[in-house]
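Descriptive analysis of the structure
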Amino acid sequence: MLRQPALAAAGPGVTELLDLARRVAAEAVEHVASLRPRGRVGIAGTKSSPTDLVTLIDRSCEELIRARILAARPDDAFVGEEGQDVPGTSGVEWIVDPIDGTVNFVYGIPRYAVAIGARIDGADEVGVVVNIATAESYEAVAGGGAWRTDEAEPRRLTGPPVLPLDQMLVATGFNYVPEVREHQARAVGAMLPHVRDIRRIGAAALDLTDLAEGRLDAYVEQGLHVWDHAAAGLIAREAGLVVTGPDGSPSERLLVAAPAGSIDPFLDLVARCGV
């Protein structure tokens with residue numbers, strides 16, 4: 001059995017939320033893996049554009065997560081990507097992406113994840129992200145560090161080293177609306193000569209956990225929703241990274257993440273490129 005990290009900073013209430021998030025994420029991973037057929041997955045519909053896909057498995061996974069969480073904590077609020085939101089009265093709000101990286105999931109590219117975050121009175125307190133295809137698992141509680149938990153011993157994550165801009169490997173993603181994608185492509189083209197290279201992995205939660213693990217040096221994306229970054233953003237911050245946006249916090253307008261020693265020059269570059 002894998003050992004869980006010791007999160008001394010977590011009070012009893014937060015520990016309860018983390019334990020629930022772990023259990024539900026594990027069941028969600030099993031659910032998705034058991035339903036995924038060989039080859040491409042069928043499309044149930046689209047959202048913001050014809051390329052913004054949703055599958056029946058996305059929907060059934062969110063239904064499972066919502067049912068399990070609200071059965072355990074019926075007074076909590078729930079916000080999910082597929083729109084099955086529930087108001088609450090406890091001050092705890094669950095923010096869930098049942099399959100982050102749906103296009104990867106449809107095509108069989110092994111970069112898609114379940115992401116479960118919990119906020120208390122608006123503050124991110126718990127984050128759990130699991131790559132469904134590989135079982136790589138990440139978690140954090142506020143003040144307790146970020147951890148990779150699928151190995152024999154939990155490993156604390158500390159992010160990448162601070163590097164000059166021209167040595168930074170930067171991840172990004174593109175919106176599904178064609179006019180927005182065109183603008184983003186120009187911005188990425190302007191950025192590319194100033195950094196080591198660009199990666200477009202296709203799952204925001206895994207971009208942020210990769211950054212926490214030190215596989216990337218920075219990340220920038222427009223058009224993200226709260227379920228894309230609530231859980232993974234906490235993991236990145238607990239790994240020592242700055243996760244920010246135009247008003248000092250991530251928003252649909254912009255999310256930027258990098259080590260504290262790199263964030264100012266990277267933000268300057270992002271602004272110069274017109275992101």
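Source: prediction; values computed, not measured.

A few words now on the sheet that holds strand 13 (residues 241–244). Spatial ordering of the open sheet is given by 11-10-12-14-13, a layout of 5 strands whose pairing is mixed. Edge positions in the sheet fall to strand 11 (197–199) and strand 13, since each has one partner strand and no second. In this sheet, adjacent strand axes meet at a mean angle of 20 degrees when their direction is disregarded. One ladder, built from 4 bridges, connects strand 13 with strand 14 (residues 255–259); its direction is antiparallel. Looking at the pairing, Val243 lines up with Ala257 of strand 14. Docked against the sheet, helix 7 (residues 260–272) engages strand 10 (169–172), strand 12 (218–221), strand 13 and strand 14, running at close to 140 degrees with respect to strand 14.

What the rule picks out here adds up to 1 aromatic pair. Relative to Tyr112, the ring of Phe105 has its centre 5.0 Å away and its plane inclined at 70 degrees; by these criteria the two rings are edge-to-face. Side by side, Phe105 and Tyr112 carry an identical accessibility label, which is buried.

Within this structure, the stated rule accounts for 20 salt bridges. Taking the shortest distance from any N to any O, the salt bridge between Glu139 and Arg22 comes out at 2.6 Å. Placement of the pair is Glu139 in strand 7 (residues 137–141) and Arg22 in helix 1 (residues 12–35), with a sequence separation of 117 residues. Neither Glu139 nor Arg22 differs from the other in exposure class; each is buried. Between Arg111 and Glu136 there is a salt bridge; the shortest N-O distance is 3.9 Å. Of the two residues, Arg111 sits in the loop between helix 3 (102–107) and strand 5 (113–120) while Glu136 sits in the loop between strand 6 (123–131) and strand 7, which places them 25 residues apart along the sequence.

Right, let's get into the environment of Ala118. Position of Ala118 relative to the elements: it lies in strand 5. Sequence spacing of Ala118 and Val96 is 22 residues, and the spatial spacing of their C-alpha atoms is 8.6 Å. Filtering out sequence-adjacent residues up to four positions away, Ala118 remains in contact with Leu17, Glu93, Trp94, Ala123, Asp124, Glu125 and Val126.

About the criteria used
- Residue numbers run consecutively from 1 along every chain, following the written order of its sequence.
- Local features in this predicted model are restricted to residues of pLDDT 70 or higher, and side-chain atom pairs are both shown and tallied only at a pLDDT of 80 or more, whereas totals for entire chains, interfaces and linings draw on every residue.
- For side-chain calculations, the full set of non-hydrogen atoms in the structure is used, while hydrogens and water are omitted.
- Strand pairing is assigned whenever DSSP identifies at least 2 bridges connecting the two strands.
- For the purposes of this entry, the term helix denotes a DSSP run of H or I that reaches at least four residues, the term strand denotes a run of E that reaches at least two, and both are numbered from the N terminus.
- Axis lines are fitted to C-alpha atoms, over the contacting stretch for helices. Their N-to-C directions set the angle, which ranges from 0 to 180 degrees.
- We call two residues in contact when some of their heavy atoms are within 4.5 Å.
- Stacked, tilted and edge-to-face are the three classes applied to pairs of Phe, Tyr and Trp rings, where Trp contributes its six-membered ring and a pair requires centres within 6.5 Å; stacked means planes under 30 degrees apart, edge-to-face means over 60, and tilted covers the rest.
- Classification of residues uses two cut-offs on accessible area relative to the type maximum, computed with a 1.4 Å probe and protein chains only: under 20% is buried, over 50% is exposed, and between them is partly exposed.
- Note on definitions: salt bridges are taken to be side-chain nitrogens of Lys or Arg within 4 Å of carboxyl oxygens of Asp or Glu.

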